[in-house]
Amino acid sequence: MIDSHCHLEMFKKDIPQVIKHAQNAGVNTIITISSDTESIDEAIKIAEQYPMVYATVGIHPHDAKDLNNEILKKIFELSRHPKVIAIGEIGLDYHYDHSPREIQREAFASQLSLARDVGLPVVIHSREAFEDTIKILKEQNINKGVMHCFSGNLNQAKRAMDMGFLISISGVVTFKNATKIKEVARFVPDDYLMIETDAPYLAPEPMRGKRNEPAFLIYTAKALAELRGVTVEDIDRITTVNVNKLFHIGDLPRCEIAYKIRDTLYLNVTNRCTNICKFCVRFHTDYVKGHNLRLEREPSAEELIEAVGDPKKYKEIVFCGYGEPFLRLDIIKKVAKWIKDKGGKVRINTNGHGNLIHERKILPELERTYRFHLSESQCP
């Protein structure tokens, strides 16, 4: 898992222990976020010391009154550091108003302009200032970044995503009365979802009241998995891909011919299809639940069988990828027979064109021979 937002410099002498706890909890990457002039230097030092840590550089709205040309120059220079992946956290905070609002807006715009010039994404802090945040982002023509620790409503989340921004969910989603954030967490499409701790703040349940740590990210992942009807493994994979894509860190997954979601295995046998549906996910992204389904070539029956392994490990095995499986009817027959012979259960998702493609009634044929469960859908 990736903790996409925390403040490691605030742990001071405990940093080695905190990082060890995170690794033991399955967190393999941490992004430490700067917020003032001192934390910028500290974030860089920590990122240099630990291979799993990356850093951002920027001035938080609380400290916007301290931003000047000298600090902007420093942020610009540090933005070229190999471990610096974004400008942030920057934005607006009208809850505390530690800096005058006009000063906040000026500092925000200046840092957005810098981010655009250096080509880095932005990490946005917006508290009780959504309209001004969106207004300034549009004025600066910024559409690459993340709304950190999102605290808005569903309509605001949609507006942010329409501009290209990802939505990062914090431990607040574990709180009993956090109904607004739970609604957002259920709705956000996979391609726009990130998770964070904002440690040492906002410890999730059941650690609420304690100092938060990146290791506690697992509780947010579990809450999200429950809300979205998937597994923690699915949340890990989805959010890891999104962080790596946004910040250009880590390796993105190669195309997959067999991919697991929840307790079901899906077989991606072709990307060809007899339909051209505008709503089809294959026209918008290479990924489904963090799996890359854009085939480099169509797999053979033997490759699919090898990828399945033991069919009894799964609730069912579904022929469903980025194309119409019935375009490869012979492959389906061969692989399905092997799965059934090994004690597995088989289903196929189809757009219903199988009979037209093969000019014969193939569904009764398959049902008699292989006892398929058939569903007219292309969505896993």
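Peer 1: Where do I start with the nonpolar core in this structure?
Peer 2: Here is a general trend for soluble globular proteins: nonpolar side chains tend to be buried in one another's company. Counting 75 residues, the largest nonpolar core has Leu 137 and Ile 167 as its most contacted members. Top contributing element to this core by residue count: helix α4 (residues 101–118), with six residues. Apart from residues no more than four positions distant in its own chain, Leu 137 is found in contact with Phe 108, Leu 112, Ile 124, Ile 142, Met 147, Met 163 and Phe 165. Of all hydrophobic cores here, the second largest spans 22 residues; its members include Tyr 314, Ile 339, Ile 348 and Leu 366.

Peer 1: Quick question: what am I supposed to make of a positive patch on the surface here?
Peer 2: Residues Arg 262, Lys 315, Lys 340 and Lys 345 make up a contiguous surface patch of positive charge. With respect to the secondary-structure elements, Lys 315 resides in the loop between α10 (301–308) and β13 (317–319).

Peer 1: Before we go on, may I ask you to explain the side chain of His 291 in this structure?
Peer 2: For His 291, the location among the structural elements is in strand β12 (residues 291–292). Accessibility expressed as a relative area gives 4% for His 291, which makes it buried. A polar atom in the side chain of His 291 sits 3.0 Å from the side chain of Arg 237. Beyond its immediate sequence surroundings of up to four residues, His 291 is in contact with Arg 237, Glu 256, Tyr 259, Lys 260, Ile 261 and Asp 286.

Peer 1: For this particular structure, what's the right way to read the pattern of salt bridges?
Peer 2: Any two side chains of opposite charge can pair, so long as their charged atoms come close to each other. Following the criterion strictly, the structure yields 23 salt bridges and no others. We note a salt bridge from Arg 208 to Glu 205, for which the minimum N-O separation is 3.9 Å. A relative accessible area of 49% places Arg 208 in the partly exposed class. According to the relative accessible area criterion, Glu 205 is partly exposed, its value standing at 33%. A salt bridge links Glu 213 to Arg 211, with the shortest nitrogen-to-oxygen separation between them at 3.6 Å. The structure contains a network of salt bridges with shared partners spanning Asp 14, Arg 211 and Glu 213.

Peer 1: What is the right way to read the packing of aromatic side chains from this model?
Peer 2: Working definition: an aromatic ring pair is given by the centre-to-centre distance plus the angle between the planes. Taken as a whole and judged by the stated rule, the model has two aromatic pairs. Ring geometry for Tyr 259 against Tyr 266: centres 5.3 Å apart, planes inclined by 20 degrees, an arrangement best described as stacked. Pair check on accessibility: Tyr 259 and Tyr 266 agree, each one buried. Over the aromatic face of Tyr 54 sits the side chain of Lys 83, whose NZ or CZ is 5.1 Å from the ring centroid.

Peer 1: How do you make sense of unusual backbone geometry when you look at a structure like this?
Peer 2: One can expect most non-glycine residues to show negative phi and most peptide bonds to be in trans. Omega for the peptide link from Gly 88 to Glu 89 comes to 0 degrees, which places this bond in the cis form. Tracing the backbone through its elements, the reader meets Glu 89 in strand β4 (residues 84–93). Put simply, Glu 205 and Pro 206 share a cis peptide bond, and its omega is 10 degrees. Although it is not a glycine, Asp 97 sits at a positive phi angle of roughly 55 degrees. Along the polypeptide, Asp 97 turns up in the loop between β4 and α4. Phi at His 248 is positive, roughly 55 degrees, even though this residue is not glycine. Within the element layout of this structure, His 248 appears in the loop between α9 (232–247) and β9 (258–261). Judged by relative accessible area, which is 64%, His 248 ranks as exposed.

What counts and how
Residues numbered from 1 in each chain as written. Predicted model: local features only at pLDDT ≥ 70, side-chain atom pairs only at ≥ 80, totals over all residues. Heavy atoms only, no water. Core = buried A, V, L, I, M, F, W, Y, C linked by side-chain atoms within 4.5 Å. Buried < 20%, exposed > 50% of the residue type's maximum accessible area, 1.4 Å probe, protein only. Helix = DSSP H or I, 4+ residues; strand = E, 2+ residues; numbered from the N terminus. Contact = heavy atoms within 4.5 Å. Patch = residues over 30% accessible without salt bridge, like charges linked within 9 Å, V, L, I, M, F, W, Y side chains within 5 Å. Areas by Shrake-Rupley, 256 points an atom, 1.4 Å probe, with all protein chains shown as cover. Salt bridge = Lys/Arg side-chain N within 4 Å of Asp/Glu carboxyl O. Lys, Arg positive; Asp, Glu negative; His and termini not counted. Charge placed at Lys NZ, Arg CZ, Asp CG, Glu CD. Polar contact = N/O pair within 3.5 Å; in protein donor to acceptor, adjacent residues only side chain to side chain. Phe/Tyr/Trp six-rings, centres within 6.5 Å; stacked < 30°, edge-to-face > 60°. Lys NZ or Arg CZ within 6 Å of the ring centre and 35° of its normal.

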